[in-house]
Amino acid sequence: MTGADLGPFPLGLPAASGLYLSLYAGTLALHLVLMSYVLAGSGYVAAASLLGARERDPAARALVDWLPFGLGTAITAGVAPLLFVQILYKESFYTANLLLFHRWMAIVPVLIAGFYLLYLSKSERAQGWPRLARAGVAGGAFACFLFTAWSWTGNHLLALEPDRWAPLYVTSATPAPTVEMLLRLALWAAAAVPWMAAILAWQLRAQALREPGREHDRAVTRVSTVALVSLAATAGLAALYAGHLDPAGREAISGPLAGPYLRALQLGLAVQAAAWLRIRIGRHWSRSALFFVTAGAVVTVLGAVVVRESVRLSRIDLGPLAGAHARIAEAGGMAGFFVFLLIASAVITWCALATRRALHARASAASTEGSGAGSGAGSGAGSDAGSDAGSDAEGGSDAAVNDGSASPDAEPTQPL
Ligand code: HEM
């Protein structure tokens, strides 16, 4: 029972396997988006630091601020798919872990080093350092995350190549990188950029509404160009990777199991490209275009995880595993799992909303203080009225800064 024999994901799979694979795919999608923010974001900061553009680029500044938090969320979001992948593919996953042993375990200290480098990069002390030293810190963090991505890719592929296991075990050699591994890593690195840009764009839009100016106009152009170029690179590398697959893998990605997801993925890429183009041409963070960017990115990542899984299912026989999945599903605890999933989701949502409210309150207090200091009591009343009007505009349609119906340099007319 391999890729080509299976029906549409997840309904064409044995019930328990379909359930665990869906949970795995959903949680992995979240991990991939968050790790993209870290991988591509740290790469962006390293490049901006090297070019000496970090201070005047709002995108680099926002990333420096948010990357430590982003890394925390990416790692946390890796835990759930890690649990599901062990249920799904116990033997192959553990065998690859054991064969990679030191290299595999190195992920933990490397990620700790990456965490500290992100904090060092953000610290006041590092602000006074020469450009090359700061680029070194930012580049070091990026190298840590690239190494982590490389390790996950190497582990994934080794798990799918049982013919390599015995020779590697006998010789205790470190597996040499294969062409497939390099292509795959390049594909993840390219795909990470538009997913990172989709999150970053919302952060920059919020900043542009607070503090509009030429710096932000340039950031719109720069980030949308980076997103467009990386979307083209992703499409090119995905085609190359698909061409590199064996016939069974190609059949699995275009057949009944994953064919609809492949088409959804392609549509998602096209929607993102069209929306980024609109942002690039309009040179402003159009809210409606950003919704399309986000929707396209979500469809792309969900399509990508299913297509990715169909390749694994073309190489691993699901038949013998399905029995184990069914036994695990009967072991009980499913109701408890869903209850805790609900509680954890509610708590996380509450934390996010509370933080958002607190940030809004701080931003409003700062802007009230600023306008009070700048032009006295009269302008304070004016700004209150302005904010009320702005709230209405935000609720209705894209407002001035977003749709370019006013000058991008105009004063903000709305709270976030
Ligand atoms: C910034 C750090 C990280 C980066 C850049 C990263 C990157 C990646 C990449 C590129 C993949 C896809 C591999 C492939 O399909 O070729 C992946 C998969 C995965 N990652 Fe991460 N990862 C990070 C941290 C973590 C951590 C800390 C965990 C666990 C707690 C984790 C759990 C997973 C799991 C379970 C998979 C799927 C593995 C499989 O199906 O074979 N990741 N990660």
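Residues numbered from 1 in each chain as written. Predicted model: local features only at pLDDT ≥ 70, side-chain atom pairs only at ≥ 80, totals over all residues. Heavy atoms only, no water.

Undergrad: Outline the site of the ligand, listing residues and values.
TA: Around the ligand, 24 residues are found, and the nearest of them are Tyr-24, His-31, Arg-184, Arg-308 and Arg-312. Thr-153 places a side-chain nitrogen or oxygen 3.1 Å from an oxygen atom of the ligand. The separation between an oxygen atom of the ligand and a polar side-chain atom of Arg-308 is 2.7 Å. Comparing atom positions with the cavity grids shows the ligand to sit within the second largest pocket. For the shell around the ligand, the leading source of residues is helix α2 (residues 58-88), giving 7 residues. Looking at the shell around the ligand, its residues break down into 16 nonpolar, 5 polar and 3 charged. (Near = heavy atom within 4 Å. Polar contact = N/O pair within 3.5 Å; in protein donor to acceptor, adjacent residues only side chain to side chain. 1 Å grid on protein atoms, 1.4 Å probe; cavity = no way out; pocket = protein on both sides within 12 Å on 5 of 7 lines; lining within 4 Å. Sits in = over half its atoms within 2 Å of the grid points. Helix = DSSP H or I, 4+ residues; strand = E, 2+ residues; numbered from the N terminus. Nonpolar A, V, L, I, M, F, W, Y, C, P; charged D, E, K, R; others polar.)

Undergrad: Quick one: what's the story with the packing of helix α6 (residues 131-159) against helix α8 (residues 179-210), residue by residue and with numbers?
TA: Two elements in contact, α6 and α8, have axes whose closest approach is 10 Å; the angle formed by their N-to-C orientations is 130°. Between α6 and α8, the angle falls in the class oblique. The hand of the α6/α8 crossing is right-handed. Within the contact between the two elements, α6 uses Leu-146, Ala-149, Trp-150, Thr-153, Gly-154, His-156 and Leu-157 and α8 uses Glu-180, Met-181, Leu-182, Arg-184, Leu-185 and Trp-188. Of the residues contributing to the contact of α6 with α8, the split by class is 8 nonpolar, 3 polar and 2 charged. (Axes fitted to C-alpha atoms, helices over the stretch in contact; angles between N-to-C directions. Parallel < 35°, antiparallel > 145°, perpendicular 65-115°, else oblique. Left-handed = near helix turned anticlockwise from the far one by under 90°. Contact = heavy atoms within 4.5 Å.)

Undergrad: If you had to explain the layout of surface pockets to someone new, which residues and values would you point to?
TA: Where empty space is left becomes clear once a probe the size of a water molecule has been rolled over the atoms. Put simply, the second largest pocket is a space of about 830 Å³. Lining the second largest pocket are 34 residues, and of these His-31, Gly-78, Ile-107, Thr-148 and Trp-152 sit closest to its centre. Of all the elements in the fold, those that place two or more residues in the lining of the second largest pocket are α1 (15-50), α2, α3 (90-105), α4 (107-122), α6, α8 and α12 (287-315). By residue class, the composition of the lining of the second largest pocket is 24 nonpolar, 7 polar and 3 charged. (Points joined across faces, edges and corners; volume = space filled by probe spheres on them.)

Undergrad: Got a sec to walk through unusual backbone geometry? Specific residues and values, please.
TA: In this chain, Phe-9 is followed by Pro-10 through a cis amide linkage whose omega measures -5°. By the element assignment, Pro-10 lies in the segment before α1. Phi is positive for Ser-172, which is not a glycine, with a value near 55°. Positive phi is not limited to glycine here, since Arg-283 has a value of about 55°. Along the chain, Arg-283 turns up in the loop between α11 (259-282) and α12. Owing to a relative accessible area of 44%, Arg-283 belongs among the partly exposed residues under this scheme. (Buried < 20%, exposed > 50% of the residue type's maximum accessible area, 1.4 Å probe, protein only.)

Undergrad: Residues and numbers for the environment of Arg-222, please.
TA: Counting through the fold element by element, Arg-222 comes out in helix α9 (residues 214-244). Taking relative accessible area as the criterion, Arg-222 reaches 32% and is therefore assigned partly exposed. Sequence separation of Arg-222 and Arg-283 is 61 residues, and the distance between their C-alpha atoms is 9.9 Å. The contact partners of Arg-222, leaving out residues within four places of it in the chain, are Tyr-44 and Asp-57.

Undergrad: With reference to specific residues and values, describe the nonpolar core.
TA: In terms of nonpolar packing, the biggest core is built from 101 residues, with Phe-145, Val-223, Trp-276 and Trp-285 touching the most fellow members. Contacts of Val-223, omitting those with residues within four sequence positions, involve Tyr-44, Ala-59, Ala-197, Leu-200, Leu-204, Trp-276 and Trp-285. (Core = buried A, V, L, I, M, F, W, Y, C linked by side-chain atoms within 4.5 Å.)

Undergrad: Go over the confidence of the model for the protein chain, please, and point to the residues and values.
TA: Summarising the model, the protein chain shows a mean pLDDT of 88, and 88% of its residues fall at 70 or more. With pLDDT under 50 throughout, residues 374-416 is counted as low confidence; its partners more than four residues away or in other chains account for 59 contacts. (pLDDT = per-residue confidence, 0-100.)

Undergrad: For the packing of aromatic side chains, give the residues involved together with the corresponding values.
TA: Each aromatic ring pair is specified by the distance between its two centres and by the angle formed by the two planes. In this structure the tally under the stated criterion is 10 aromatic pairs. For the pair Phe-115 and Tyr-119, a centre-to-centre distance of 6.0 Å together with 5° between the ring planes defines the contact as stacked. Pair noted here: Phe-115 and Tyr-119 are both in helix α4, with a separation of 4 residues, about one helical turn. The class for Phe-115 is partly exposed, based on a relative accessible area of 23%. Feature note: the residues Tyr-20, Phe-84, Phe-337 and Phe-338 constitute an aromatic cluster, connected by ring pairs. (Phe/Tyr/Trp six-rings, centres within 6.5 Å; stacked < 30°, edge-to-face > 60°.)

Undergrad: Now, about the pattern of salt bridges: what can you tell me, with residues and values included?
TA: By the definition in use, this model includes 8 salt bridges. Notably, a salt bridge pairs Glu-161 with Arg-164, separated by 2.6 Å at the nearest N-O pair. Using a relative accessible area of 25% as the deciding quantity, one classes Arg-164 as partly exposed. The salt bridge partner of Arg-308 is Glu-309, with a shortest N-O separation of 3.5 Å. A single salt-bridge network, built from bridges that share partners, covers Arg-308, Glu-309 and Arg-312. (Salt bridge = Lys/Arg side-chain N within 4 Å of Asp/Glu carboxyl O.)

Undergrad: Summarise the side chain of Ser-224; cite the residues concerned and give the values.
TA: Following the sequence through the fold, Ser-224 ends up in helix α9. Take Ser-224: its relative accessible area is 0%, and that puts it in the buried class. At 3.1 Å, the side chain of Ser-224 and the backbone oxygen of Thr-221 are in polar contact. Residues contacting Ser-224, with those up to four places away along its chain left out, are Trp-276, Ile-279 and Arg-280.

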